[in-house]
Amino acid sequence: MAKQKPNAPQTALKDGGEEALPSEAAILAFLKDNPETTSRREIARAFGIKGDQRRPFRERLKAMTEAGKIAKTKSKNYEAPDALPPVTVLTITALDADGDLVCEPLNWKGTAPPPPILLNDVRHGRALGLGDRILARLTAVDDRVEASVIRRLEAREKPRILGVFQPGPGGGTVLSVDKKARSDYRVDKGDTAGAKAGELVVCQLKSGRYAGPRPVKIVERLGRTDEPKSISLIAIHEHGLPFDFPDAVIAEAKAAKPVTL
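Residues numbered from 1 in each chain as written. Predicted model: local features only at pLDDT ≥ 70, side-chain atom pairs only at ≥ 80, totals over all residues. Heavy atoms only, no water.

## Comments concerning the packing of aromatic side chains
In this structure the tally under the stated criterion is one aromatic pair. Arranged with centres 5.8 Å apart and planes meeting at 65°, the rings of Phe30 and Phe47 form a pair that is edge-to-face. Within this pair, whereas Phe30 is found in helix α1 (residues 24-33), its partner Phe47 is found in helix α2 (residues 40-47), the two being separated by 17 residues in sequence. Of the two residues, Phe30 and Phe47, both sit in the buried class. (Phe/Tyr/Trp six-rings, centres within 6.5 Å; stacked < 30°, edge-to-face > 60°. Helix = DSSP H or I, 4+ residues; strand = E, 2+ residues; numbered from the N terminus. Buried < 20%, exposed > 50% of the residue type's maximum accessible area, 1.4 Å probe, protein only.)

Structure below.
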């Protein structure tokens, strides 16, 4: 397959002076328009850099990189720091008002929050749910970005949620201690683990598509919220500190001995 020819700059914005180099804005615009064609040689060719212009052009790219205005990849190509690649790994994070799945890039390097990405794939969409990861091809459509599934990636453990359980019809609800949570979580009758009103519980998100509050399953009961242990766990969770560790890590910690002088 032949390599795609880079899009020519829409405007060859140049600085004044003898070098007549492309401006930083023009270089950044070119990188955003050509996410797959970003080597220094290809950028120079697009702007007609020749002869004595090569050295100051290299210095300009270096200065822009050091200032964080552009980024250099492991393959020594250049990219706009807030640009989305045409193919990337996404995590499904939400369900919008129309029932469509919304994704975020797994490894976002930009300084601004990642743009919401709408999963537009009839073939695979029904089999996917929150927390799933996919390799997807991205396409700009009007004022949004849409994703088409290339393949579904190996499932990883669903994130755990710390919250307070309240019984209700059909099971109950869990109010997350995370102040950023947008709504309560639904607990079906068979997923309460016998939790009582006002207990602090650890929940796990359930897979699949659904309407209304996100369903969870209670996997651990931690006691009432006014107990010292519960208060500490809430404070730990609010500061983003881990509170759940693999068995091997816990065993190693228990086996540790005091360090001698």
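Don't stop here, the text continues.
## Here's the deal with the pairing of strand β4 (residues 101-105)
By the criterion of burial, β4 is predominantly enclosed, with four of the five residues buried. Two strands pair when backbone bridges link them, and strand β3 (residues 87-95) and β4 are joined in this way by five bridges, in the antiparallel orientation. Its bridge partner being in β4, Thr91 is matched across the sheet by Glu104. Connecting β3 to the next strand, β4, in antiparallel fashion are five residues, including Gly99 with a positive phi near 85°. The pairing of β4 with strand β5 (residues 117-119) spans two bridges and is antiparallel. What sits directly across from Val102, in β5, is Leu118. (Pairing = 2+ DSSP bridges.)

## As for the pattern of salt bridges
Enumeration over the complete set of coordinates arrives at six salt bridges. Its salt-bridge partner being Arg152, residue Asp132 comes within 3.2 Å of it at the nearest N-O pair. Of this pair, Asp132 sits in the loop between α4 (122-125) and β6 (133-141) while Arg152 sits in strand β7 (residues 144-152); the two residues are 20 residues apart in sequence, bridging distant segments of the chain. Between Arg221 and Glu199 there is a salt bridge whose closest N-O contact spans 2.9 Å. Pair noted here: Arg221 is in strand β12 (residues 214-224) and Glu199 is in strand β11 (residues 199-205), with a separation of 22 residues, a long-range link. A residue is classified by how much of its surface remains accessible, and Glu199, at 10% relative accessible area, is buried. (Salt bridge = Lys/Arg side-chain N within 4 Å of Asp/Glu carboxyl O.)

## Concerning the pairing of strand β9 (residues 171-176)
When strand β8 (residues 160-168) meets β9, the two strands line up antiparallel, connected through six bridges. Along β9, the bridge assignment pairs Gln166 with Thr173. The hairpin turn running from β8 into β9, its antiparallel successor, is two residues long, and Gly170 in that turn takes a positive phi close to 80°. Both β9 and strand β10 (residues 185-188) contribute to a ladder of four bridges, which runs antiparallel. Residue pairing in the sheet places Val174 in a bridge with Tyr185 of β10.

## Some thoughts on the environment of Ser148
By secondary structure assignment, the location of Ser148 is in strand β7. Given the relative accessible area of 33%, Ser148 is considered partly exposed.

## So, the packing of α2 against helix α3 (residues 54-66)
For the pair α2 and α3, interaxial distance at closest approach is 11 Å and the crossing angle is 120°. On the basis of their axis angle, the class for α2 and α3 is oblique. Read as a crossing pair, α2 and α3 show a hand that is right-handed. Contacts between α2 and α3 involve Arg40, Ile43 and Ala44 from the first element and Phe57, Arg58 and Leu61 from the second. (Axes fitted to C-alpha atoms, helices over the stretch in contact; angles between N-to-C directions. Parallel < 35°, antiparallel > 145°, perpendicular 65-115°, else oblique. Left-handed = near helix turned anticlockwise from the far one by under 90°. Contact = heavy atoms within 4.5 Å.)

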